Amino acid sequence: MRAFIVAVFAFLYLPIALVVLFSLNAGRHASELTGFSTQWYGKALANPFLVEALKNSLFIATTSALLAAVFGTAAALGLARVNIRTRTIFDALLGAAIVVPGVVIGISTLVALVQLFAVVNPFVASIWPGSTPPRLALGYGSIVAAHGLFSMALVSMIVRTRLGSLDRNLVEASSDLYATPLTTFHSIVLPQIMPAILAGFLLAFTFSFDDFIIAFFVAGAQTTLPIYVFASIRRGITPEINAIATIVLCASVLMVVFAQLLLRKTKPSH
Amino acid sequence: MSTAPVPDIEFRGVAKRYGAVTAVSGIDLAVPPAAFVALLGPSGCGKTTCLRMIGGFEQPSEGQVLIRGKDMAGTPPYRRPVNMVFQQYALFPHLDAGDNVSYGLRQLRPRLSAREISLKAGEALAMVQLAGYGRRKIHELSGGQQQRVALARALVNKPAVLLLDEPLAALDKKLRTDMQIELQNLQRELGITFVLVTHDQEEALSMSDFVCVMNRGSIVQVGQPSEIYHEPADLFVADFVGKTNLLAGKVERRSGELVEVMLADGSVISARSRNGVASGEAVSVSLRPEALRLGASEQGTFQGIVRNRIFLGSTAEYAIEVPALGTLLATADHQLSQDLFKPGEPVAIGFAPGAPLAFSGVKENGEKQRETKNVEIVS
């Protein structure tokens, strides 16, 4: 039994460990270790295509996570006020959004966007006074929208949990001490749920930064880091790819750990 | 309570319903200025609902709540001249003690200067003996200190009325007694009306000028503590407030306020009745433990055997088994230790002529009502 568990964990983590190990390989081939070097990290960061993909990924992850944090929090706050039936339906839908496979979200978002463009673009063109009307197309915007929408479900679930454990009495006490509902919100409720919002932001960022499937469907001509890695692998695995994977891995693990710390540390006192 | 000046708080025919459930109904109450009032009753009697309607957290389904003569209908909590001390204190965990206290001051318009705010907050903390604790985090404070911060946070605003929702429930007995005295002193010094909600009858009797006893969503009796204790309006009040012996019986004869009641053991005693009971009616006769007189001779009305004795220093409490009547509680003082009765000893029980009070009805399910109040006898 113990051997079995060891085997399972080895199966899960050994490939990752190998990726990290070979990213430090001095040699050219991914199959033999020929010494220790950090040259591939330098080479990776000197590759203009890669740096471009990294910048795209950072921009998309930051924007979509910000949108998700704002709208997810708004959704959570709104859900706390609606009647129980509406809330149950919304909770179920949010949960569903999180368990739906990425492929399905990718395809359906693509289909929805293309349909939308087919309606909006001719309409805009017909009322545009100039000769070159703006055209909506796949690209940054579509990836940000798709990621933001998915992450919003994530953020609102995290914030909802935190709101549920927020002491109702604190809101009443603030109101009792002459604070208007707006003041109560920003000086009592917001500080109490801020760790959950931050944690949601970090998880949303990590998700977007790492996501390949959804981005692949809706990216259009844009290249994000995971898409670049996927494309490079077709030309063979180089230590450079291993170096990128290791950077992404470290950044993701760091973010997730930080998010967990935020969620754990700030349990309401009482 | 007469209402010569404008009452600080007035309930006029107030009812509160949640769907089909009626929390309180038919509440009429006027609290005179600068009074210390206790709303007393078992849990679920509607006392907290009444308090929350004063605070503005609940709106009455019927009737009016007035503060200093002004109808408060539609006025949100943040526009009412009252402040509340919450049961679990509800201190803001992300602010320190000083910022908790100054929270209300910072909401005032026109704004107070920062100096003025910190000065007033400091004074309020000093008032509750926490001078110099302003920079402490809430979780660094003990339960008693948190309680004081909550009190300072409410009182710093100089409200017309201070609402206290079971404020002492979470404190241990020693601290509770200290806080009772402190609350009384504060109320007298500040001259602000205090409304205290409690299920602890001892707390209500010892602290307040007026007690308003509630049961099942209605006010049963309003009066001074001694009045509530000595002249309870009905069986519920007699049983809920203080300890008492309740003897079931049947009215034999009545003449004016006095009725002759035949008890289960066949003896007939004379009792006073406030709410005129009819001849032949089943009644309960209330006899306070301290009204019972114990003697070694055969002179008493009942004969019994001492089962338990709880020595309390200047007095002693006895549980005495009386055939056909059950166990009676008696409190007796004594000069010398020889005067104490021992368990197993036979005693004769008498009482002052005016002591027994007769109430219509027989207490059903008595244990349930007693569970919160007889803690003292075991400790």
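This one's a predicted model, so the numbers in the text were calculated from it and none came from an experiment. (Residues numbered from 1 in each chain as written. Chains lettered and ligands numbered in written order. Predicted model: local features only at pLDDT ≥ 70, side-chain atom pairs only at ≥ 80, totals over all residues. Heavy atoms only, no water.)

Student: How would you summarise the UniProt feature "domain: ABC transporter" (unreviewed entry) in chain B if you had to cite specific residues and measurements?
Tutor: Feature annotation in UniProt assigns "domain: ABC transporter" (unreviewed entry) to the following positions: residues 9-241 of chain B. Within residues 9-241 of chain B, the helical portion is 36% and the strand portion 26%, while the C-alpha atoms at the span's ends are 24 Å from each other. (UniProt positions renumbered as here; feature names shortened; annotations may be inferred. Helix = DSSP H or I, 4+ residues; strand = E, 2+ residues; numbered from the N terminus.)

Student: Go over the interface of chain B and chain A with me, naming the residues and quoting the values.
Tutor: Quoted interface sizes are often the accessible area lost when the parts come together. On the side of chain A, 20 residues touch chain B, which itself brings 21 residues to the contact. Of the roughly 2000 Å² buried where chain B meets chain A, counting both sides, 60% is carbon and sulfur surface. Looking only at chain B, the three residues that lose the most surface to chain A are Tyr-78, His-94 and Tyr-103 of chain B, adding up to 30% of its buried area. Put simply, chain B and chain A have one salt bridge between them. As a salt-bridge pair, Glu-172 of chain A and Arg-52 of chain B come within 2.7 Å of each other at their nearest N and O atoms. Every element with two or more residues in the side of chain B that touches chain A is listed here: strand S6 (82-85) and helix H2 (97-106) of chain B. In terms of residues, the side of chain B that touches chain A owes the most to one element, S6 of chain B, which gives three residues. Across the side of chain B that touches chain A, the residue classes tally to 12 nonpolar, six polar and three charged. (Contact = heavy atoms within 4.5 Å. Buried area = accessible area lost by both parts, 1.4 Å probe. Salt bridge = Lys/Arg side-chain N within 4 Å of Asp/Glu carboxyl O. Nonpolar A, V, L, I, M, F, W, Y, C, P; charged D, E, K, R; others polar.)

Student: Account for the nonpolar core, with residues named and values stated.
Tutor: Judged by nonpolar contacts, the single largest core of 73 residues is most densely connected at Val-159 and Ile-244 of chain A together with Phe-11, Phe-92 and Leu-163 of chain B. Top element by residues in this core is helix H8 (residues 181-210) of chain A. It accounts for 12 residues. Ignoring sequence-local partners within four residues, the contact set of Val-159 of chain A consists of Thr-73, Ala-76, Ile-193, Ala-196 and Ile-197 of chain A. The next biggest cluster of nonpolar side chains, apart from the first, holds 45 residues, and it includes Leu-105, Ala-152, Leu-155 and Val-211 of chain B. (Core = buried A, V, L, I, M, F, W, Y, C linked by side-chain atoms within 4.5 Å. Buried < 20%, exposed > 50% of the residue type's maximum accessible area, 1.4 Å probe, protein only.)

Student: Got a sec to walk through the environment of Leu-91 of chain B? Specific residues and values, please.
Tutor: Residue position: Leu-91 of chain B is located in the loop between S6 and H2. For Leu-91 of chain B, the contacting residues outside a window of four places in its chain are Leu-170 of chain A together with Asn-100, Ile-138, Gln-146, Val-149, Ala-150 and Arg-153 of chain B.

Student: So what's going on with the domain arrangement of chain B? Which residues, and what values?
Tutor: Taken domain by domain, chain B consists of domain 1 (9-234 + 372-376) and domain 2 (289-352). The C-alpha centroid of domain 2 of chain B is placed 41 Å from the C-alpha centroid of domain 1 of chain B. (Domains from an automatic or database assignment.)

Student: How would you explain the environment of Phe-11 of chain B if you had to name every residue and give the values?
Tutor: Checked against the element boundaries, Phe-11 of chain B lands in strand S1 (residues 9-18). With near-sequence residues (within four places) excluded, Phe-11 of chain B lies in contact with Ile-27, Asp-28, Leu-29, Cys-50, Met-53, Ile-54, Gln-64 and Val-65 of chain B.

Student: Before we move on, could you go through the pattern of salt bridges and cite the residues and values that matter?
Tutor: Residue and element names in this part refer to chain B. Evaluation of the coordinates by the stated rule reveals 16 salt bridges over all chains. Across the pair Glu-166 and Lys-47 runs a salt bridge whose closest N-O atoms are separated by 3.9 Å. Taken as a pair, Glu-166 in the loop between strand S7 (161-165) and helix H5 (173-190) and Lys-47 in helix H1 (residues 47-55) lie far apart in primary sequence, 119 residues in all. By relative accessible area, Glu-166 is classed as buried at 9%.

Student: Can you explain H1 of chain B? Please cite residues and give values.
Tutor: With respect to burial, H1 of chain B is a largely interior element, eight of its nine residues being buried. Taken residue by residue, H1 of chain B has Lys-47, Thr-49, Cys-50, Leu-51, Arg-52, Met-53, Ile-54 and Gly-55 of chain B as its buried positions.

Student: Outline the state of the cysteines, supporting the account with residue identities and numerical values.
Tutor: Residue and element names in this part refer to chain B. Per the stated rule, a full pass over the model turns up zero disulfides over all chains. No disulfide involves Cys-50; its nearest neighbouring cysteine sulfur is the one of Cys-212, lying 7.3 Å away. On the basis of relative accessibility, which here comes to 2%, the residue Cys-50 falls in the buried class. (Disulfide = S-S within 2.5 Å.)

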